[in-house]
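Structural description and commentary
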There are 2 protein chains.
Amino acid sequence: MTGTPSIVNAEEVHESPTLALRTFDSIKSDIINGELAQGSKIVESDLALKYGISRGPLREAIHRLERIKLIVRIPHAGSRVITLDTRMMEDIYNARESLEGMAARLAARLMSDAEIESLSALLDQHAAAISETDGKAYFQREGDIDFHYRVAVASQNQWILEKLNGELYQLIRMCRHQSGQFPSRAQTALEQHRQIAAAIARRDEELAELLMRRHISGAWEIVKTILEDQND
Amino acid sequence: MTGTPSIVNAEEVHESPTLALRTFDSIKSDIINGELAQGSKIVESDLALKYGISRGPLREAIHRLERIKLIVRIPHAGSRVITLDTRMMEDIYNARESLEGMAARLAARLMSDAEIESLSALLDQHAAAISETDGKAYFQREGDIDFHYRVAVASQNQWILEKLNGELYQLIRMCRHQSGQFPSRAQTALEQHRQIAAAIARRDEELAELLMRRHISGAWEIVKTILEDQND
DNA sequence: CAGTCATAAATTGTCAACAATTTAAGCGTT
DNA sequence: AACGCTTAAATTGTTGACAATTTATGACTG
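Below is a short write-up of the structure.

How each quantity is defined
- Residues numbered from 1 in each chain as written.
- Chains lettered and ligands numbered in written order.
- Predicted model: local features only at pLDDT ≥ 70, side-chain atom pairs only at ≥ 80, totals over all residues.
- Heavy atoms only, no water.
- Least-squares fit on C-alpha atoms with pLDDT ≥ 70 in both.
- Contact = heavy atoms within 4.5 Å.
- Pairing = 2+ DSSP bridges.
- Helix = DSSP H or I, 4+ residues; strand = E, 2+ residues; numbered from the N terminus.
- Buried < 20%, exposed > 50% of the residue type's maximum accessible area, 1.4 Å probe, protein only.
- Buried area = accessible area lost by both parts, 1.4 Å probe.
- Salt bridge = Lys/Arg side-chain N within 4 Å of Asp/Glu carboxyl O.

Observations regarding the relation of the copies chain A and chain B
Superposing chain A onto chain B takes a rotation of 180° plus a shift of 0.0 Å along the axis, which leaves an RMSD of 0.1 Å. The relationship between the two copies is best expressed as a two-fold rotation axis. Ranked by how close their C-alpha atoms come to the rotation axis, the residues of chain A are headed by serine 98 of chain A, at 2.7 Å. Both copies contact each other with a shared surface, as 100% of the interface residues of chain A are interface residues in chain B too.

Following this line, the structure appears as structure tokens:
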């Protein structure tokens, strides 16, 4: 029951049973990877043609993307791919800080011993990967998210899990991709992950929350300077 | 710029420009008021007929309700009105605690002096209303939400504001409605609101967050016992 | 009589045409 | 040349019909 096996966390294997959902996934990737440029206008007929479906399910896909905040939409005026700015990312990181802080607290309360064991193993795995590849970007990025995802799951709070995994992480992925590779920080992050895991293992709710919040607000400070440097 | 005049917080005046949105509002009210019973199955054709529109926009309305978590939906299997249980409400209140705690912190940092003044005035208004009507239920409920809404706005965090006002408060309203009138607690709540407002006025971020979280977790303790008594 | 398979009904998913609205272009006026 | 109005094009919103899928029904078999 504990073994989410690998790096990738939640993408389903068997493809979605409906056109709208499959198209939603496609467009989502295209936006995160930057193939659909930020701020570009979405024209329903064009996209429907491009993805080979009719406007009905495409519309549903767009609405789902709006829900995830990858697309912004104005009645009768159409929709555009979102444009990330510092202001918005600050909102995201602040929300994430409070939500993941709570998740860590709940995880410290509720995580099973087996899960804790498995979490620790995950971090060993990360440590190995770091010393091997020494800064291999992609792996670490997803590894980082993997850790946070586990904590969110362990919180057993469906609402929080859904918001983190469904919305916030997507936007952060997109931001990372758009900002190119930024400094590795892998070693520091791993160290902090270890401390958080230790606090959880000790069932110290207060400390787990505190450390998680520090970890995230620290990450924000770095991302912030990068974003600001970029736009000046 | 400060004067949101009255109790009701954000319902737009001029009705929505699209059928789907208007129907969304209608169904939302019907669910919150219990006219559409919890757990009842939603059949698209039936509802479309009932609201006098075609299935297209109705479908969009349903998707929006799913986004708000008032409806749960399974591909090919249809959708049902959500059924509130203690488990889910606990998730909601925990999420709310962390998010509103952060909102209070940000409010203490960012709220303008005029807004603070206005917030204080709102509380005076509430105090007057309480001593007048001494436990007039509806007013106090909305008054309570009004206070929390103001703090969320003052946080200037769009993501948090949207989640609180768009999702969490709706579910709490629904829960309150379904649970009938529960004990007033108006005096206690007002007192706590005052302390929170004072902390914000003092620009004490730490304390504002702490008090807000206590306030909400306290409210949850009460709601929890009510819910448990009901189902046993 | 329980269980299972095939069939029929009900319901959701998808499509293409039509209506309403917004955006752009063209024309005339000042 | 700039502004506003009228008209045309483009785009979104809405509709009803059709296809695919699930759920219910009932006959058949062990």
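Considerations on the sheet that holds strand S2 (residues 71-74) of chain A
Residue and element names in this part refer to chain A. An order of S1-S3-S2 is seen for the three strands of this open sheet, with the pairing classed as antiparallel. Of all the strands in the sheet, the pair left with one neighbour each is strand S1 (41-42) and S2. Of the pairings in the sheet, the one linking S2 to strand S3 (residues 78-81) comprises four bridges and is antiparallel in character. Across the sheet, the residue bridging to isoleucine 74 is glycine 78, located in S3.

Observations concerning the sheet that holds strand S3 (residues 78-81) of chain B
One key point about sheets: their strands pair by backbone hydrogen bonds, in either a parallel or an antiparallel sense. All names here are of chain B. Within the open sheet, the three strands sit side by side as S1-S3-S2. Their pairing is antiparallel. Only two strands of the sheet have a single partner each, and these edge strands are strand S1 (41-42) and strand S2 (71-74). Alignment of S1 against S3, held across two bridges, turns out to be antiparallel. The residue of S3 that forms the bridge with isoleucine 42 is serine 79.

Some thoughts on the pairing of S2 of chain A
Residues Ile71 and Arg73 of chain A of S2 of chain A are buried on one face, while the alternating residues Val72 and Ile74 of chain A, pointing to the opposite face, are not. Connecting S2 of chain A to the antiparallel partner S3 of chain A that follows it, the hairpin turn spans three residues, and histidine 76 of chain A within it adopts a positive phi of roughly 70°.

Quick look at the interface of chain A and chain B
Every contact between the two is made by 33 residues of chain A and, on the other side, 33 residues of chain B. Both faces combined, the contact of chain A with chain B buries some 2,700 Å², and carbon together with sulfur accounts for 52% of it. It is Arg67, Met102 and Trp159 of chain A that lose the most area in chain A upon contact with chain B, and together they represent 23% of the buried surface on that side. At the boundary of chain A with chain B, the tally comes to 10 salt bridges.

None of the figures reported here should be taken as evidence of function without further support.
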